[in-house]
Amino acid sequence: MSPSSFSAIRARSSESRRKLLVRQTLHRWLRGDDPANAWVVPVALALLAAQVGYRAWASFGSWWTGDDFLYVIGSVAPGGNSLQHLMTSYAGHLLPADFYVTGLLTRISPYDFTLAAITLTVLQLVANIGFLRLMLVAFGRRWGIVPPLVVFLATSFTVQGSVWWASGIQALPFVISLCWALASQIQYARTRRPAAGLAACAWVLFGLLFYEKALLVIGALAIVTVTYFTIGRARDRIAQTWRDYRLSVVANTLLGLAYLAIYIRYGLNYDPGAVAEVPIGPTADTLLLRSWLTGVFGGPLRWSHTDGAPISFAAPPSPVVLAAGIALVLLLREVARSRERSLRALILPAYFLICDVLLVAATRATMIGPVIGFELRYLTEMSAVTAAALAFATMPMIGAAEPVKVRRPSPLLDRRGPAVVACIVVAALGTLSTSGYINQWHADQPAKTFFGNLIADAQRAPAGTPVVDGAVPNTLIWEIARPNNTVSHLLAPIDHGLDFVTWSTDQLNVVALDGRIRPAEVPPEFTALPGTQPACGYPVSSATTVINLDREVVYPGWWVKVGYIATADSAITVTAGGKTQHASVSGGLHHLLFQAGDQPFDAVELGGLIGGATMCVGDVIIGPPRARMAS
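Just so we're clear, the structure is a prediction, and the values are computed from it rather than from any experiment.

Cut-offs applied
Residues numbered from 1 in each chain as written. Predicted model: local features only at pLDDT ≥ 70, side-chain atom pairs only at ≥ 80, totals over all residues. Heavy atoms only, no water. Phe/Tyr/Trp six-rings, centres within 6.5 Å; stacked < 30°, edge-to-face > 60°. Helix = DSSP H or I, 4+ residues; strand = E, 2+ residues; numbered from the N terminus. Lys NZ or Arg CZ within 6 Å of the ring centre and 35° of its normal. Salt bridge = Lys/Arg side-chain N within 4 Å of Asp/Glu carboxyl O. Buried < 20%, exposed > 50% of the residue type's maximum accessible area, 1.4 Å probe, protein only. 1 Å grid on protein atoms, 1.4 Å probe; cavity = no way out; pocket = protein on both sides within 12 Å on 5 of 7 lines; lining within 4 Å. Points joined across faces, edges and corners; volume = space filled by probe spheres on them. Nonpolar A, V, L, I, M, F, W, Y, C, P; charged D, E, K, R; others polar. Contact = heavy atoms within 4.5 Å. Polar contact = N/O pair within 3.5 Å; in protein donor to acceptor, adjacent residues only side chain to side chain. Core = buried A, V, L, I, M, F, W, Y, C linked by side-chain atoms within 4.5 Å.

## Concerning the packing of aromatic side chains
Next, step 1: If you walk through the whole model with that rule in mind, you get 28 aromatic pairs.
Next, step 2: Ring plane angle 55 degrees and centroid distance 6.3 Å describe the contact between Phe526 and Tyr555, whose orientation is recorded as tilted. Pair noted here: Phe526 is in strand β12 (residues 526–527) and Tyr555 is in the loop between β14 (545–553) and β15 (559–566), with a separation of 29 residues, a long-range link.
Next, step 3: An aromatic cluster of three or more residues is present, and its members are Trp63, Phe69, Tyr111, Phe450 and Phe451.
Next, step 4: Over the aromatic face of Tyr266 sits the side chain of Arg265, whose NZ or CZ is 4.7 Å from the ring centroid.

Here you go:
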């Protein structure tokens, strides 16, 4: 055998050994060494993949809405990439990474929701993997991790984050931060390895870049560490935590204090003390007893939806709320009867729910009322928190100082048949609830139709097409967002041929209610008094001519339409509503259209013609420009 043939055989043999080693490693990771639990990870991955595919369908069927447009506009405004913009408070939120990622997607392909859908899907995948990692790190490869995984995947707390960019880019990184940080913290508490403790702190920092609420993760790390990895009375547990987990305590305390200082400086724009002025009871009722309670078991089953906006609010029927309450009491009773040291797991969800109620009461209920508690985006993290609490209450955590112990076998928790049925019921109800929300969101997206038409027409418009720079309908973006609700700001990310004008000759276009760019007309809501000269109406030259109206105009920003005949092309100065601007007229019979100011006015002033030009004004009308009806 030649040396080259021998080398080739040896190379093939080495490659075969490598492939065998990879297959053995993958098989060991998927199936483990315990035949009884060999299918735990494959089943978990199958559930995870199914949920990600389902949520991807939700994401790819959505589009930008509401706050999304303000994110996009801010990213292309002057200084949109600056640290100052990234650290700008948004409705009391500090969202530097949200703004940065939105700007990145906008620069790659503006208003392309495919990129946003891919991002939301990837975030959902990372969150799912994080929760599975948390279960495996805390409890190992056992069938008991499947029910908590089903609760995490199936409940509707995160459904809005799959379809709404502004919600998902906040909430999903928060859930990622929570799951991955808890897993790393448990590793640290069990092994005392500094790298694991610092990794948990790093995951908290990751969440804080997207959403200030991730600060609550530090409290969750403390609760799990003190509750499960120390023993004795409260004073003893605190001393043990400082003695054994000082690195984590110091790192997270410094991170929390530093972030609080930054948030107070840049993000806090509301009065936290307002929570003392708002009744907590009604907000707690909607947020906890109706939204969270029913969501735990797959609710709310029914949604309240108003046509003209994609958002739905939880509207669980009273029998569903009652049934969920009874189910929770029975579940807690069964856990307490069958497990020792189980109910301490309730500290974790209680901590988050109390914080959620206080935050919503202080920031949103003061403006909207307790009904805001029916919007599940304020409970997004409860998918992971509730599922983790179920796991902590029913299974012994590996390496815990005081692990949960089975007091006596439970017919629900320790028998495969009832547990499988419970998982199927929760998964079915959760899928029914989330599909109802998603279907309503997909079916009623006025912004998708409006901006689809607007962007298409703007990109097809010839360069210099004169258009009124008006606000889009209030149902798409609130008037309070002005000027970011105007057409010029919203179209800033894309190339277009529109010229947003405050005056024009003969031709003017306006954005119709369906987003189409159509020729404008000015309805005669107000008109000028008859002219002083029968043959000329109102003569205009270099001097200023005052044209009185039939009554005072009190509506800001309406347009004036002047019918005239001019002897030659000329510049002209026009004044209405406290606004003076320079325009031009053309020789012959034409119409001059210009926008009035914001002050009340009862006369229009014209003048400043040059080169000896004169003109006669026959009629003057004032009204809001609107799309001309098709003939």
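That covers the picture; the talk isn't over yet.
## Some words on the pattern of salt bridges
Next, step 1: Following the criterion strictly, the structure yields 16 salt bridges and no others.
Next, step 2: Asp244 is the partner of Arg243 in a salt bridge, and the nearest nitrogen-oxygen pair spans 2.9 Å.
Next, step 3: On the basis of relative accessibility, which here comes to 19%, the residue Asp244 falls in the buried class.
Next, step 4: Where Arg339 meets Asp414, a salt bridge forms, and the shortest distance between an N and an O atom there is 2.7 Å. In this pair, Arg339 is assigned in strand β5 (residues 339–340) and Asp414 in the loop between β6 (405–406) and α19 (416–443), connecting sequence segments 75 residues apart.
Next, step 5: Judged by relative accessible area, which is 4%, Arg339 ranks as buried.
Next, step 6: Accessibility expressed as a relative area gives 37% for Asp414, which makes it partly exposed.

## Section: the layout of surface pockets
Next, step 1: A volume near 1400 Å³ is recorded for the second largest pocket.
Next, step 2: Asp67, Trp164, Ile311, Arg377 and Trp478 are, among the 47 residues lining the second largest pocket, the residues nearest its centre.
Next, step 3: The set of elements that each furnish at least two residues to the lining of the second largest pocket consists of α3 (67–76), α9 (165–191), β3 (303–305), α16 (347–363), α17 (365–368) and α20 (446–460).
Next, step 4: A per-class count over the lining of the second largest pocket returns 26 nonpolar, 16 polar and 5 charged.

## Things to note about the environment of Ser62
Next, step 1: Within the secondary structure, Ser62 sits in the loop between α2 (40–60) and α3.
Next, step 2: Each C-alpha atom of the pair Ser62 and Pro310 lies 9.6 Å from the other, and the pair is 248 residues apart in sequence.
Next, step 3: Dropping the residues within four chain positions of it, Ser62 is found in contact with Phe113, Val163, Trp441, His442, Gln445 and Lys448.
Next, step 4: Within polar-contact distance, the side chain of Ser62 engages the backbone oxygen of Val163 at 2.5 Å.

## Notes on helix α7 (residues 146–154)
Next, step 1: For α7, the tally of buried residues reaches 8 of 9 residues, placing the bulk of the element in the interior.
Next, step 2: Packing partners of the buried residues in α7 comprise α2, α6 (113–139), α9, α14 (280–296), α18 (382–394) and α19.

## Quick word on the nonpolar core
Next, step 1: Formed by 139 residues in total, the largest nonpolar core has its most connected members in Phe131, Trp165 and Phe451.
Next, step 2: A total of 16 residues in this core trace back to one element, the largest contributor, which is α9.
Next, step 3: Sequence-distant contacts of Trp165, that is, excluding residues within four places in its chain, are made with Trp64, Asp68, Tyr71, Val101, Thr102, Leu105, Phe113, Ala116, Thr119 and Leu120.
Next, step 4: If you look at the next biggest cluster of nonpolar residues, it comprises 27 residues, including Val560, Val574, Phe601 and Val617.

## With respect to empty space enclosed by the protein
Next, step 1: Scanning the model with the defined rule gives 2 cavities of 30 Å³ or more in all.
Next, step 2: Put simply, the largest cavity is a space of about 40 Å³.
Next, step 3: When its residues are assigned to classes, the lining of the largest cavity shows 4 nonpolar, 3 polar and 2 charged.
Next, step 4: The space that makes up the second largest cavity amounts to roughly 30 Å³.
Next, step 5: Those elements giving two or more residues to the lining of the second largest cavity turn out to be α4 (83–86) and α5 (96–108).
Next, step 6: Residue composition of the lining of the second largest cavity, by class: 3 nonpolar, 5 polar and 1 charged.

Function-wise, these values are silent; they only describe arrangement.
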